[in-house]
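Fold and contact review
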Amino acid sequence: MVQNIEGSRFDALFGVLMSFVGLRALLIVLDIITRLLSDYVVFDAAIDVRRSVLKHIQDLDFSFHTTKSTGSLISAMKRGDGAFFTFHDALHNGILEVFVGFITMGYFFGLVDPAIAVITFASLFVCLIITAFVIKLNINARKKYNEEEDNISGIIVDNIINFETVKMFAKESWEQNRLKLAFIPWRKALWDYGLTFRYMNASVGITIVMTVFLILYLAIKKVSLNQMNLGDFVLVLTFSNTFFPKVFDLVWRFRDLAKHFADMEKYFSILDNKIEIKDPKNPVKIKTIKGEISFINSSFAYKGNKAKVLKNIDLTIRQGQTVAFVGRSGSGKTTLIKLLLRFYDLTGGKISIDGIDIKRFTKSALRSFFGVVPQEPILFNNTIKFNIGYGKENASFDEIKAAAKIATWIILSNRCQLSTIRM
Ligand SMILES: Nc1ncnc2c1ncn2[C@@H]1O[C@H](COP(=O)(O)OP(=O)(O)O)[C@@H](O)[C@H]1O
Ligand SMILES: [Mg+2]
């Protein structure tokens, strides 16, 4: 008889044990499946985002590129890329798990004492409200910090790109000082950002300590009045120990989401930059052009400048004609060429090639008609072959060698003039 009761008790407990182990195993399998699925989607999404952002940056107007800071842009992009991954991780793999944990624990608390369950969830609610408030502060502080961080990155990248100029003017220590000064607001922004975490720790921490006190006070009172047995008391104690660290966990996960959100917001705002020099809806498509260029009553002023750089220019360059623009520095020679390539649009008049308004070509078709030798030699971090062959897709190695030979010859025969110009 006794044996039998003990046997059935063991069976019942063994059943509980089995369902516990089974549940854990199921959770592990589910966790692996969700992570696999989310990785599958997120990797492709991350590739799409990076490609779209680069494409948009390429499409953006010349004026965007002359005013932006490369270092700041790269810094915002790198941060955004990272945040894109971690945001998904925090969202899909974190929050849900913590919430399921809460519901399970709430259920057990409810079994022991409904009053304790109510106090626990009320405290959770208060913590979430505090979190929502502090997270707003946190996001704003993060944005300010990001600005400062991008500024720092801008200075460093400027120094790396323009190393020749820095050395030429012996500005090393001046640049170091510039960086040192930029770190003053950076440090303050980071400090303010850090402070918002301390607010969160303090406010959520105090709420939790008060809640634990209240719960245990209730429990002790019930034990002393013999309304609760010691076993249940231990259970309450254990659950409190597990439950409240989880609240902190949840708060920190929300904090993480907020941080990634702020980082991604700036990243995606790159896509909000408008393209003003637009391609036509129905572009003219021609393979070859004769090459007659006409400026007809053309005027242009840079944005924000009232003074016109070019005023009512009429000019025709016939096919095969060689023309040199001569004028004082700042008279508008480079601007004229930039207008021809549609880096900017005229503010009045028209430019045409073979009688066709250049606005009727796509920008890439228009630019493919030209070969440009810039004032400053610019190289990609790649082989000499890559750099010489850059202007012509699928250029053969022989063509590249021929171009290199011609260029050497031109440089040698112009050496004196070139050095005069470059000084
Ligand atoms: N991006 C710009 N924004 C505003 N003004 C500019 C810009 N680029 C050039 N300018 C101004 O336009 C005028 C013509 O410049 P530019 O075409 O470079 O002259 P040049 O090539 O003949 O030396 C100058 O007064 C110059 O300051
Ligand atoms: Mg010029």
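None of the values given here were measured: they were computed from a predicted structure.

1. Quick look at the overall build of the protein chain
In terms of regular secondary structure, the protein chain is built from twelve helices and four strands. For the protein chain, the C-alpha radius of gyration of 34 Å lies well beyond 22 Å, the compact-globule estimate for 423 residues. Across the protein chain, the fraction of contacts at a sequence separation of at least 24, relative to all contacts at a separation of at least 6, is 77%.

2. Notes on the packing of helix H6 (residues 172-224) against helix H7 (residues 230-269)
Two numbers describe how H6 lies on H7: the axes approach to 11 Å, and their chain directions differ by 165 degrees. Judged on the interaxial angle alone, H7 and H6 are roughly antiparallel. Seen along the crossing, H6 lies across H7 with a hand that is right-handed. Contacts between H6 and H7 involve Met200, Val204, Ile208, Val212, Ile215, Leu216, Ala219 and Val223 from the first element and Leu230, Phe233, Val236, Ser240, Phe244, Val247, Phe248, Val251 and Arg255 from the second. Taken together, the residues that form the contact of H6 with H7 break down as 15 nonpolar, one polar and one charged.

3. Topic: the packing of helix H4 (residues 114-161) against H6
Running from amino to carboxyl end, H4 crosses H6 at an angle of 175 degrees, the nearest separation of the two axes being 9 Å. In this view, H4 runs roughly antiparallel relative to H6, as classed from their interaxial angle.

4. Things to note about the environment of Glu164
Along the chain, the position of Glu164 falls in helix H5 (residues 163-168). In this structure the C-alpha to C-alpha distance between Glu164 and Gly371, which are 207 residues apart in sequence, comes to 27 Å.

5. Section: the pairing of strand E3 (residues 348-353)
Pairing between strand E1 (residues 293-300) and E3: five bridges, direction antiparallel. Considered in E3, the bridge of Ser294 is made with Ser352. Summarising the sheet, E3 and strand E4 (residues 356-357) pair through two bridges and their orientation is antiparallel. Across the sheet, Ser352 pairs through a bridge with Asp357, a residue of E4. Once E3 ends, the chain turns through two residues before running back antiparallel as E4, passing Asp354 with a positive phi of about 50 degrees.

6. Some details on the nonpolar core
Within the largest apolar cluster, 15 residues are counted, with the highest numbers of intra-cluster contacts made by Cys127, Val204, Val247, Val251 and Phe254. The element best represented in this core is H7, accounting for eight residues. The contacts of Val204, once residues within four sequence positions are left out, are Cys127, Ile130, Thr131, Phe248 and Val251. Formed by nine residues, the second largest nonpolar core is a distinct cluster that contains Ile351, Ile358, Phe361 and Leu366.

7. Section: the sheet that holds strand E2 (residues 310-317)
Spatially, the four strands line up as an open sheet ordered E2-E1-E3-E4, and their pairing is antiparallel. Strand pairing shows two members of the sheet lacking a second neighbour, E2 and E4, which therefore form its edges. Those strands touched by helix H8 (residues 333-340) are E1, E2 and E3, and its axis lies near 115 degrees from that of E1.

8. Notes on unusual backbone geometry
Most peptide bonds adopt trans geometry, and most residues besides glycine take a negative phi value. Positive phi outside glycine occurs at Asn226, with the angle close to 60 degrees. Along the chain, the position of Asn226 falls in the loop between H6 and H7. Of note, Arg342 is a non-glycine position whose phi angle comes to about 55 degrees, a positive value.

9. A closer look at the site of ligand 1
Taken together, Thr66, Tyr302, Asn305, Val309, Gly327, Ser329, Gly330, Ser331, Gly332, Lys333, Thr334 and Thr335 are the residues near ligand 1. In terms of residue count, H8 provides more of the shell around ligand 1 than any other element does, three residues in total. Looking at the shell around ligand 1 residue by residue, the class counts come to two nonpolar, nine polar and one charged.

10. Details of H6
One turn of an α-helix holds 3.6 residues; hence residues three or four places apart share an orientation. Here H6 contains 53 residues, and its C-alpha end-to-end distance of 75 Å stays within 8% of the 78 Å for a straight helix at 1.5 Å per residue. Roughly 25 degrees is the biggest bend found in H6, and it falls at Ile184, with proline Pro185 one to four residues downstream. If you check which residues of H6 are buried, you get Ala189, Tyr193, Thr196, Met200, Val204, Ile208, Thr211, Ile215 and Ala219. Check the buried side of H6 and you find it contacts H4 and H7. With its phi angle positive at about 60 degrees, Asn226 sits one or two positions after the end of H6.

Cut-offs and rules
Residues numbered from 1 in each chain as written. Chains lettered and ligands numbered in written order. Predicted model: local features only at pLDDT ≥ 70, side-chain atom pairs only at ≥ 80, totals over all residues. Helix = DSSP H or I, 4+ residues; strand = E, 2+ residues; numbered from the N terminus. Rg over C-alpha atoms; globule rule 2.2 N^0.38 Å. Contact = placed C-beta atoms within 7 Å. Axes fitted to C-alpha atoms, helices over the stretch in contact; angles between N-to-C directions. Parallel < 35°, antiparallel > 145°, perpendicular 65-115°, else oblique. Left-handed = near helix turned anticlockwise from the far one by under 90°. Nonpolar A, V, L, I, M, F, W, Y, C, P; charged D, E, K, R; others polar. Pairing = 2+ DSSP bridges. Core = buried A, V, L, I, M, F, W, Y, C linked by C-beta atoms within 7 Å. Buried ≥ 20, exposed ≤ 12 C-beta atoms within 10 Å, placed from the backbone. Near = placed C-beta within 6 Å. Expected span 1.5 Å × (residues − 1). Bend = angle between axes of the 7 residues up to and from the residue.

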